[in-house]
Amino acid sequence: MSELSANDRLYRVAILGCRGRGTAAARAYHQHPGSQVVGLCDLLPERLDQLGDELGGPARYDDYVKMIEQEAPDIVAIATGTEFHYPLAMGVLEHGVNIDVEKPLCQSLDEADRVIDKAKEKGA
């Protein structure tokens, strides 16, 4: 990894969902010099342990609200099943945290519009 210059920002990233796509996102953020993976969240401890150990020990959670409150991420990458994108995106945005959502954003255009409106409302 290269060093950041004085003008660069290090983004604190948390991963929500540690299956295949979440693992790929975590690895990519981990390798990027402008980001640091500070938290992982999944309901299965074995997923958290496997990915957490691989990445060198970011904090591990089974509750994304606790993860946000304790780790204060700049970005939460939501890499769960599509059916969970809308409620998780709205929940993360409620905390004013930026989101990176695996495609598709939501299951309907109406849900996507509400996510965009919430992001604008919260300045995320």
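Located above this text is the structure these notes cover.
Scoring rules and cut-offs
- Residues numbered from 1 in each chain as written.
- Predicted model: local features only at pLDDT ≥ 70, side-chain atom pairs only at ≥ 80, totals over all residues.
- Heavy atoms only, no water.
- Pairing = 2+ DSSP bridges.
- Helix = DSSP H or I, 4+ residues; strand = E, 2+ residues; numbered from the N terminus.
- Axes fitted to C-alpha atoms, helices over the stretch in contact; angles between N-to-C directions.
- Contact = heavy atoms within 4.5 Å.
- Polar contact = N/O pair within 3.5 Å; in protein donor to acceptor, adjacent residues only side chain to side chain.
- Expected span 1.5 Å × (residues − 1).
- Bend = angle between axes of the 7 residues up to and from the residue.
- Buried < 20%, exposed > 50% of the residue type's maximum accessible area, 1.4 Å probe, protein only.
- Arc of directions from axis to C-beta.
- Core = buried A, V, L, I, M, F, W, Y, C linked by side-chain atoms within 4.5 Å.

### Section: the sheet that holds strand 5 (residues 98-101)
An order of 3-2-1-4-5 is seen for the 5 strands of this open sheet, with the pairing classed as parallel. Two strands bound the open sheet, and with one partner strand each, they are strand 3 (59-61) and strand 5. The mean inter-strand angle of the sheet, taken between neighbouring strand axes irrespective of direction, is 25 degrees.

### Observations regarding the environment of V38
For V38, the location among the structural elements is in strand 2 (residues 35-41). Sequence-distant contacts of V38, defined by excluding residues within four places in its chain, comprise R12, V13, P58, A59, E71 and P73.

### Digging into the side chain of E71
Relative to the helices and strands, E71 is located in helix 3 (residues 64-71). Engagement of the side chain of E71 in a polar contact is seen with the side chain of Y61, the distance being 2.4 Å. Not counting residues within four places of it along the chain, the set of residues in contact with E71 comprises R12, V38, A59 and Y61.

### Thoughts on helix 4 (residues 82-94)
With 13 residues, helix 4 extends 19 Å from end C-alpha to end C-alpha; this agrees with the ideal 18 Å at 1.5 Å per step. At L88, helix 4 shows its strongest bend, of approximately 25 degrees. Within the sequence span of helix 4, burial applies to H85, Y86, L88, A89, M90, G91, V92 and L93. In this structure, the buried residues of helix 4 make contact with strand 1 (11-16), helix 3, strand 4 (75-78), strand 5 and helix 5 (109-122).

### Here's the deal with helix 5
The first and last C-alpha atoms of helix 5 sit 20 Å apart over 14 residues, in line with the 20 Å expected at 1.5 Å per residue. Buried within helix 5 we find E111, A112, V115, K118 and A119. Down the axis of helix 5, the buried side of the element spans an arc of 125 degrees, and every buried residue falls inside it. Turned more than 90 degrees away from the buried face of helix 5 sit L109, K120 and E121, all of them exposed. Buried residues along helix 5 sit in contact with helix 4 and strand 5.

### With respect to the nonpolar core
For soluble globular proteins, the rule of thumb is that nonpolar side chains tend to be buried together. Within the largest apolar cluster, 21 residues are counted, with the highest numbers of intra-cluster contacts made by L16, Y64, V76, I78, V92 and V115. Sorting the residues of this core by element identifies strand 1, helix 3, strand 4, helix 4 and helix 5 as the ones contributing at least two each. Here this core takes 6 residues from helix 4, the largest share from any one element. Setting aside its immediate chain neighbours within four residues, V92 contacts L16, Y64, I68, V76, I78, V97, N98 and I99. Judged by nonpolar contacts, the second largest core, of 12 residues, contains I15, Y29, L51 and I75.

Function cannot be inferred from these measures alone, as they are strictly geometric.
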